[in-house]
Amino acid sequence: MGKVHEGIDEKLRAFIDAQPMFFVATAPSGPDGHVNVSPKGIAGSFVVLDEHTVAYLDLTASGAETIAHLRDDGRITLMFCAFQGPPNIVRLYGRGRFVTLYDEGFDQLAALFPETRGARAVIVVDVDRVSDSCGYGVPLMTLEGERDLLPPHMERKGVEGQAAYRRLKNRTSIDGLPAFDMDPVPDSESVHTVH
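Residues numbered from 1 in each chain as written. Predicted model: local features only at pLDDT ≥ 70, side-chain atom pairs only at ≥ 80, totals over all residues. Heavy atoms only, no water.

Draft legend 1. Quick look at the environment of Gly63. Its location among the elements puts Gly63 in the loop between strand 5 (53–59) and helix 2 (65–72). Classification of Gly63 by relative accessible area gives partly exposed; the value is 27%. Here the alpha-carbon distance between Gly63 and Gly44, two residues 19 residues apart in the chain, equals 21 Å. With residues up to four places along the chain from it excluded, the contact list for Gly63 reads Arg120, Lys169 and Asn170. (Helix = DSSP H or I, 4+ residues; strand = E, 2+ residues; numbered from the N terminus. Buried < 20%, exposed > 50% of the residue type's maximum accessible area, 1.4 Å probe, protein only. Contact = heavy atoms within 4.5 Å.)

In structure tokens:
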């Protein structure tokens, strides 16, 4: 049977730390928007800050749904599943906020993570509900290893290449909500109107 916990205790923290991946779910406030679920799995990209606060590194990628939804309504759920050992599922519900690479405090938060190539933000979640459940339906799986693709790919793009990629792919959500639109537009990309 599932159980609701007072917070993230040492046992839950150990379970969370041992999982090679987690899932992030968000949704816009309106009735017609799309619910988004994203798998996250780069080692060291998640940290428990205290019993009611967690954070993860948000890397530049093809979408920015989580940031768009956090801007819209702030709701977020994180899920960790045991794919090895005793079955268990832990869910962290709360309100999220993001600190972008342009914001004060980003460097201090980013220092919590061993891998930061391609980072565009740190997502911080104030957790107001912690629960676990049996996980009997989750299969046993063996981890073969990390896909060492995203951080090196973003590193090859360089700082300006990453910003250009975000301007192209991350400015709005699939529903048209404002997402990661913080990158400055260089003069070479500005549209000039001739009168």
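More follows now that the structure is in view.
Draft legend 2. Structural detail: the packing of aromatic side chains. Throughout the structure, instances matching the rule amount to four aromatic pairs. Measuring from ring centre to ring centre gives 5.0 Å for Phe46 and Phe80, while their planes differ by 70°; the resulting arrangement is edge-to-face. Taken together, the residues span a long stretch of sequence, with Phe46 in strand 4 (residues 46–50) and Phe80 in strand 6 (residues 75–81) at a distance of 34 residues. Counting every residue linked through ring pairs, the aromatic cluster contains Phe22, Phe46, Tyr56 and Phe80. (Phe/Tyr/Trp six-rings, centres within 6.5 Å; stacked < 30°, edge-to-face > 60°.)

Draft legend 3. Geometry of the layout of surface pockets. Computed from the structure, the largest pocket encloses a volume of approximately 990 Å³. In terms of lining residues, the largest pocket is bounded by 34 residues, among which Met21, Pro39, Lys40, Gly41 and Ile42 are the most central. Only strand 3 (36–40), strand 5 and helix 2 provide two or more residues apiece to the lining of the largest pocket. Looking at the lining of the largest pocket, its residues break down into 17 nonpolar, 11 polar and six charged. There is about 170 Å³ of room inside the second largest pocket. Lining the second largest pocket we find 16 residues, and of these Gln19, Ile42, Ala43, Gly44 and Ser45 sit closest to its centre. Split by residue class, the lining of the second largest pocket holds nine nonpolar, four polar and three charged. (1 Å grid on protein atoms, 1.4 Å probe; cavity = no way out; pocket = protein on both sides within 12 Å on 5 of 7 lines; lining within 4 Å. Points joined across faces, edges and corners; volume = space filled by probe spheres on them. Nonpolar A, V, L, I, M, F, W, Y, C, P; charged D, E, K, R; others polar.)

Draft legend 4. The arrangement of a negative patch on the surface in detail. A surface patch of like charges, here negative, comprises Glu6, Asp9, Asp50, Glu51, Asp126 and Asp128. When you line up the elements, Asp50 lands in strand 4. For Asp50, a relative accessible area of 35% gives the class partly exposed. (Patch = residues over 30% accessible without salt bridge, like charges linked within 9 Å, V, L, I, M, F, W, Y side chains within 5 Å. Areas by Shrake-Rupley, 256 points an atom, 1.4 Å probe, with all protein chains shown as cover. Salt bridge = Lys/Arg side-chain N within 4 Å of Asp/Glu carboxyl O. Lys, Arg positive; Asp, Glu negative; His and termini not counted. Charge placed at Lys NZ, Arg CZ, Asp CG, Glu CD.)

By themselves these figures say nothing about function.
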